[in-house]
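Notes for the structure review
For reference, the chains in residue letters:
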Amino acid sequence: MDAENRAFQSQGGSSDSVYQMVAKTVKKLHSGGGIFLDIGCGIGRLNPFLQDKISHYIGVDVIRYDDLPTDIEFIPFNLDIGKVPLEDKYADVVCAVETIEHLENPRAFVREMVRLAKPGGLVIVTTPNQLSLLSKLTLILKNQFNAFQEAPGLYPAHITALLEIDLIRIFIECGLTDIHIEYTNSGRIPFTPWHWPNNLGFRGRTFSDNILCMGIKSLVKD
């Protein structure tokens with residue numbers, strides 16, 4: 001399946017808990033203003049969560065979804081091929097929400113994110129959490145991770161499963177510092193349609209369907 005068909009399968013959006021996790025991280029670590037580059041932007045659902053924290057939002061994706069607001073600046077680009085047509089050190093925050101699992105080369109993708117980030121800029125990736133209880137039980141019983149089963153919106157839309165340690169190693173390899181992991185604290189109870197009640201302490205890695213890895217691009221002299 002090519003990149004465009006994988007994008008159509010994804011439907012261009014994720015859960016509110018993922019966007020809230022990203023917004024919390026940005027608001028905590030980004031001083032405000034500047035350019036926010038959303039790579040794999042889908043229908044642009046992240047933008048409303050950050051409008052009070054950034055000055056300019058730019059979306060990049062392999063296709064422009066019909067539901068992407070017309071007033072959003074958009075750059076069409078196949079993320080599996082080459083470089084995004086933007087100059088080095090372009091954005092204050094470079095983010096990829098539930099995108100890396102759709103791509104063929106996660107290391108090349110993070111290197112590209114780092115290229116686009118300004119020195120001192122924030123780089124953020126979110127992806128399905130392979131270490132949740134749901135994912136581990138699915139692996140034991142079905143020999144595959146939950147988010148990578150052959151089903152609509154999963155495989156073959158999702159092709160690259162990454163563990164938490166994989167994300168950390170990739171970020172280190174790409175020269176990022178101050179690397180940190182966050183969880184959505186929102187996850188489905190295995191083999192049911194219900195979610196864990198996180199207000200009762202069901203939080204963290206075990207009970208979160210998605211994970212965030214963030215890092216800072218080192219300050220360097222031109």
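Preceding block: the structure.
First things first, this report covers the structure right here in the doc.

The subject of this paragraph is unusual backbone geometry. The peptide bond linking Y155 to P156 adopts the cis configuration, its omega dihedral lying at 10°. For P156, the location among the structural elements is in the loop between α5 (133-142) and α6 (164-173). We note that K89 has phi near 55°; this positive angle belongs to a residue other than glycine. For K89, the location among the structural elements is in the loop between β3 (73-76) and β4 (91-96). Residue classification places K89 among the partly exposed residues on the basis of a relative accessible area of 33%. Positive phi is not limited to glycine here, since D178 has a value of about 50°.

Among soluble globular proteins, nonpolar side chains are generally buried collectively. With 34 residues, the main nonpolar core has L37, I39, L79, V94, F109, V110 and M113 as its most contacted residues. Only β1 (35-39), β2 (56-61), β4, α4 (106-116), β5 (117-128), α6, β6 (176-183) and β7 (210-217) provide two or more residues apiece to this core. Among the elements that make up this core, the one with the highest residue count is α4 (five residues). Those residues within four positions of L37 in sequence are excluded, and the remaining contacts are I58, V60, L86, A91, V93, V94, C95 and L116. Formed by 23 residues, the second largest nonpolar core is a distinct cluster that contains A23, V26, L46 and M214.

Our focus in this paragraph is the pattern of salt bridges. For the structure shown, the criterion picks out seven salt bridges. Of the charged contacts, one joins K118 and D92 as a salt bridge, the two residues approaching to 3.4 Å between their closest N and O atoms. Within this pair, whereas K118 is found in strand β5, its partner D92 is found in strand β4, the two being separated by 26 residues in sequence. R107 is the partner of E173 in a salt bridge, and the nearest nitrogen-oxygen pair spans 2.7 Å. Linking E173 in helix α6 with R107 in helix α4, this pair joins segments that are 66 residues apart in sequence. Judged by its relative accessible area of 34%, R107 is partly exposed.

Calculation rules
- Residues numbered from 1 in each chain as written.
- Predicted model: local features only at pLDDT ≥ 70, side-chain atom pairs only at ≥ 80, totals over all residues.
- Heavy atoms only, no water.
- Helix = DSSP H or I, 4+ residues; strand = E, 2+ residues; numbered from the N terminus.
- Buried < 20%, exposed > 50% of the residue type's maximum accessible area, 1.4 Å probe, protein only.
- Core = buried A, V, L, I, M, F, W, Y, C linked by side-chain atoms within 4.5 Å.
- Contact = heavy atoms within 4.5 Å.
- Salt bridge = Lys/Arg side-chain N within 4 Å of Asp/Glu carboxyl O.

Honestly, it's all geometry; don't read function into it.
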